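Chain and residue survey
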Amino acid sequence: MAWRRLTALPRMSLRALPAVSLGVNIVNVKRVACSSANKEDEKPADKQADYWISGVSQGCNKTLPCTFDLYGGVMVDPATVPAEQDAFRTILASSLDEWMKRGKQGVWLRLDISAAALVPIAISEFGFEYHHAERDYVMMTKWLPSNCPNTLPHNASHTIGVGALVTNSEGKILLAREKSGPAARSKVWKIPTGLVDAGEDLHEAALREVKEETGIDATFEYCGAFTMSHGGNLAHANKSNLFFVVKCKALTTEIQLCESEIADARWFSKEEWLTRMEKGSIWYELNQSALDAEAVVSMKSLPWGRSRPGVSRLNLGLQAAGQSPIMTSIKQGMGLEA
């Protein structure tokens, strides 16, 4: 598998690069009546809804309750899908007919586990396709127009991983050995790593993984480097992965192992750490870039803008490491600067 390393650039290049933003929130929506009801519903006080959603139909005897997005899409309310199969056939057929008349395009149909018997009907009788699945539901889609290509987005194509390079007040680095997986088979010492959960910010995931694996409390300092790989693994076949290495500072030093995942964890000096790294490998370069960065990526929350007042997003921005108080304190702690 080929890997590529992307690191922060020197100060001279900072002005040419745009910031990268992460995270988004969606809230309630304004309502529009079911077409056969001929009645307008009141608009809620929340104005954030208009960013994504054009309206909501309460449904009627001919159409399922649903939400309309700004791309011509229809999202069926899963709580209102009838459990009885014949009733499902009847209301789905009339709903699709009504939505086609209204010029809608993609239909999103979520069926919970309790409605699993309806899945074959939606697929074989109405032409729905699988989009993705979670533990408690399956999401299916159907493209309505016959005169234009299907532009519905594919299922999520990437996973996000994070590794935390944690140093203590003596400049020592926290490394762990796992009990299972490829790293365990190779018997390598590595920084705490894991996947970022849905709804979790990058720095939160890094601190959580450190705490879960080693019991160490830490604080986030900056994002040092990241890489991208393709092909996935057994659990995420054919997916791509973005992996970030972030720099963290330990607030505690007493290690408490997660016995189900971690075989051992220790503090190593930088010299000891380097002897355990395969020089020239992607992991050597990533960790070195995070520890001795020429420039770092800091995080802060910024307002979205006038189109969505009151909404903030996590922003990543480059900062020259030489002028960073964080990097100065780290280098002093490691004895690299007076």
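Scope of this entry: the structure provided in the associated data block.

What counts and what doesn't
Residues numbered from 1 in each chain as written. Predicted model: local features only at pLDDT ≥ 70, side-chain atom pairs only at ≥ 80, totals over all residues. Heavy atoms only, no water. Core = buried A, V, L, I, M, F, W, Y, C linked by side-chain atoms within 4.5 Å. Buried < 20%, exposed > 50% of the residue type's maximum accessible area, 1.4 Å probe, protein only. Helix = DSSP H or I, 4+ residues; strand = E, 2+ residues; numbered from the N terminus. Contact = heavy atoms within 4.5 Å. Pairing = 2+ DSSP bridges. Axes fitted to C-alpha atoms, helices over the stretch in contact; angles between N-to-C directions. Salt bridge = Lys/Arg side-chain N within 4 Å of Asp/Glu carboxyl O. Right-handed = clockwise from strand over helix to strand, strands pointing away. Polar contact = N/O pair within 3.5 Å; in protein donor to acceptor, adjacent residues only side chain to side chain.

Right, let's talk about the nonpolar core for a bit. Residues W99, L109, L111 and F128 are the most contacted members of the largest nonpolar core, which totals 24 residues. Looking at this core, the elements with two or more residues in it are β4 (66-69), β5 (74-76), α1 (85-101), β6 (106-112), α2 (119-124) and β8 (137-143). When residues of this core are assigned to their parent elements, the largest contribution, 5 residues, is made by α1. Residues within four places of L111 in sequence aside, it is in contact with V81, L118, V119, Y137, V138 and M140. Ranked by size, the runner-up nonpolar core spans 18 residues in total, among them A205, V210, A250 and W267.

The subject of this paragraph is the environment of I53. Along the polypeptide, I53 turns up in strand β3 (residues 53-57). By relative accessible area, which is 11% here, I53 ends up buried. Once the C-alpha coordinates of I53 and Y71 are considered, the two residues, 18 residues apart in sequence, prove to be 8.8 Å apart.

Strand order in this open sheet of 6 strands is β3-β4-β5-β6-β8-β7, and the pairing throughout is mixed. In the strand order of this sheet, the two ends are held by β3 and β7 (129-134), each with one partner. Between one strand axis and the next, the sheet turns by 20 degrees as a mean value, whatever way the strands run. As defined by bridge partners, β7 adjoins β8 across 5 bridges and the pair is classed as antiparallel. Considered in β8, the bridge of E134 is made with Y137.

As a further point, take the pattern of salt bridges. A full pass over the atoms with the stated rule returns 13 salt bridges. Notably, a salt bridge pairs E178 with K190, separated by 2.9 Å at the nearest N-O pair. Linking E178 in strand β10 (residues 173-178) with K190 in the loop between α3 (182-186) and β11 (193-195), this pair joins segments that are 12 residues apart in sequence. K247 serves as the salt-bridge partner of E221, at 2.8 Å between the closest nitrogen and oxygen. Within this pair, whereas E221 is found in strand β12 (residues 218-229), its partner K247 is found in strand β13 (residues 240-250), the two being separated by 26 residues in sequence. Each member of the salt-bridge network shares a partner with another, and the members are D197, E200, R208, E209 and E212.

Our next topic: the pairing of β6. Most of β6 is tucked away, with 5 of its 7 residues classed as buried. Note: β5 against β6, 2 bridges, orientation parallel. Directly across from V74, in β6, lies its bridge partner V107. For the crossover from β5 across α1 to β6, the handedness is right-handed. Pairing geometry for β6 and β8, over 7 bridges, is antiparallel. Note that in β8 the partner of G106 across the bridge is W143.

Its place among the elements puts S57 in strand β3. Engagement of the side chain of S57 in a polar contact is seen with the backbone nitrogen of G59, the distance being 3.2 Å.

Worth remembering: the numbers are spatial, not functional.
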